[in-house]
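Architecture at a glance
Listed below are the residues making up each chain.
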Amino acid sequence: MNTQTPPNVRPADADGIAEAARVLAAGGTVAVPTETVYGLAARADSDAAVAAIYRAKGRPDFNPLIVHVPDVAAAEGLAVLDVRANALAAAFWPGPLTMVLPRRADAPLAAAVSAGLPTVALRVPAHPVMRAVLAAAGLPLAAPSANRSGGVSPTSAAHVAASLGARADLILDGGTTQQGLESTIVALREGGGWQILRPGPITEADLMAVLGEAASHEQRGIEAPGQLASHYAPGKPVRLGADAAQAGEFLIGFGAVPGAVSLSQAGDLAEAAARLYACLHLAAAAPEPRIAVAAIPEVGIGAAINDRLRRAAV
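Quick summary incoming for the structure in this document. (Residues numbered from 1 in each chain as written. Predicted model: local features only at pLDDT ≥ 70, side-chain atom pairs only at ≥ 80, totals over all residues. Heavy atoms only, no water.)

Quick look at the sheet that holds strand β1 (residues 9–11)
Consider a sheet: its strands pair through backbone hydrogen bonds, and that pairing is either parallel or antiparallel. Taken in spatial order, the ten strands of this open sheet run β1-β8-β2-β3-β7-β4-β6-β5-β9-β10, and their pairing is mixed. Edge strands, defined here as strands with exactly one partner in the open sheet, are β1 and β10 (194–198). Taken together, the two bridges between strand β2 (residues 30–33) and strand β8 (residues 170–173) define a ladder with parallel strand orientation. Its bridge partner being in β8, V30 is matched across the sheet by L170. Of the strands in this sheet, β1, β2, β3 (38–43), β7 (141–142) and β8 are in contact with helix α1 (residues 14–25), which crosses β8 at around 150 degrees. Taken strand by strand, helix α2 (residues 47–57) contacts β3 and β7, and its axis lies near 145 degrees from that of β3. (Pairing = 2+ DSSP bridges. Helix = DSSP H or I, 4+ residues; strand = E, 2+ residues; numbered from the N terminus. Contact = heavy atoms within 4.5 Å. Axes fitted to C-alpha atoms, helices over the stretch in contact; angles between N-to-C directions.)

Next comes the structure, spelled out in structure tokens:
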């Protein structure tokens, strides 16, 4: 078994962050940890750099990318933030919330970032490594999850290396991510409405506490990452709501349902969210040809966990 570190994996120390800034400035791709999952970053102002993300991921070109910026001031240079956006930013940035906002006509962004839409998805991340890379690069960074498109999102540098290999120019190893689920994506609509495009660590109740009204459930096609019907796929059939493993199944347990691994033996949804992708990676590598997953309560962050599991099972 080869346990050597791949040559494109570097520690997320000062030298690694400086190297990341050089690679990004030259139009390359860098896998960087965020508080949610590892992202595959490239400069968002370059068509060629954004194309390198698409090539590395095998990602459909109709699927927009999230642009990461260091602060609200940088976000205001790229999009129009209204009172609602500023209130959400004050409550949840830096953090795992992405806002889909009207893109400024003069925003210095590659057209592919928005996939032809008049909006842009923006996030101010909280992870110290991603923030250090943003500061060193001095650029807005497009950064979808650092895995092949449609596959299980990575929560460690080893996951990135296994999925992308040398297709990532550099992988910064900043340890295991904390949240384990991609950011919540909310679109702010004209006329005061809003819609969750992708559930995540920031729940609908969290958003309602700031915005003061119920979300819309209008469907407008693909506006943000993670909306494809089949996504987060481990490459095997997935059965949900299992209370025991059937023949040929690798069971991912939860709470009172034991398994080969467990999302959380204590039934803790936050722990389950943090462990979801790591468990799916283990299941994908197991000899069993099928995967079963115990039922997860559809409450709080459980809604985001079930969203990922339903897409994995398609």
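Regarding the pairing of β8
Pairing geometry for β1 and β8, over three bridges, is parallel. The partner of R10 across the bridge, within β8, is L172.

Quick notes on the pairing of strand β9 (residues 184–188)
When you tally the buried positions in β9, you get five out of five residues, the bulk of the element. The alternating pattern of β9 places T184, V186 and L188 and I185 and A187 on opposite faces, both of which are buried. For strand β5 (residues 97–102) and β9, the ladder comprises four bridges, and the chain directions are parallel. Paired with L97 across the two strands is T184, which belongs to β9. Strand direction decides the pairing type here: β9 and β10, joined by four bridges, are antiparallel. (Buried < 20%, exposed > 50% of the residue type's maximum accessible area, 1.4 Å probe, protein only.)

Things to note about the pattern of salt bridges
Within this structure, the stated rule accounts for nine salt bridges. R308 serves as the salt-bridge partner of D307, at 3.1 Å between the closest nitrogen and oxygen. We classify R308 as buried; its relative accessible area is 1%. Bridged by salt links that share partners, the residues E182, D307, R308 and R311 form one connected network. (Salt bridge = Lys/Arg side-chain N within 4 Å of Asp/Glu carboxyl O.)

Regarding the nonpolar core
In terms of nonpolar packing, the biggest core is built from 47 residues, with V67, L88, L97, M99, L122 and L188 touching the most fellow members. Listing elements by their share of this core, those giving two or more residues are β3, α2, α4 (83–92), β5, β6 (119–123), α6 (157–164), β9 and α7 (204–211). At five residues, α2 tops the list of elements feeding residues into this core. The residues contacting L188, other than those within four sequence positions of it, are D82, R84, A85, L88, M99, V100, L101, G193, W194 and L211. Residues V152, L263, A273 and V293 belong to the second largest nonpolar core, which totals 32 residues. (Core = buried A, V, L, I, M, F, W, Y, C linked by side-chain atoms within 4.5 Å.)

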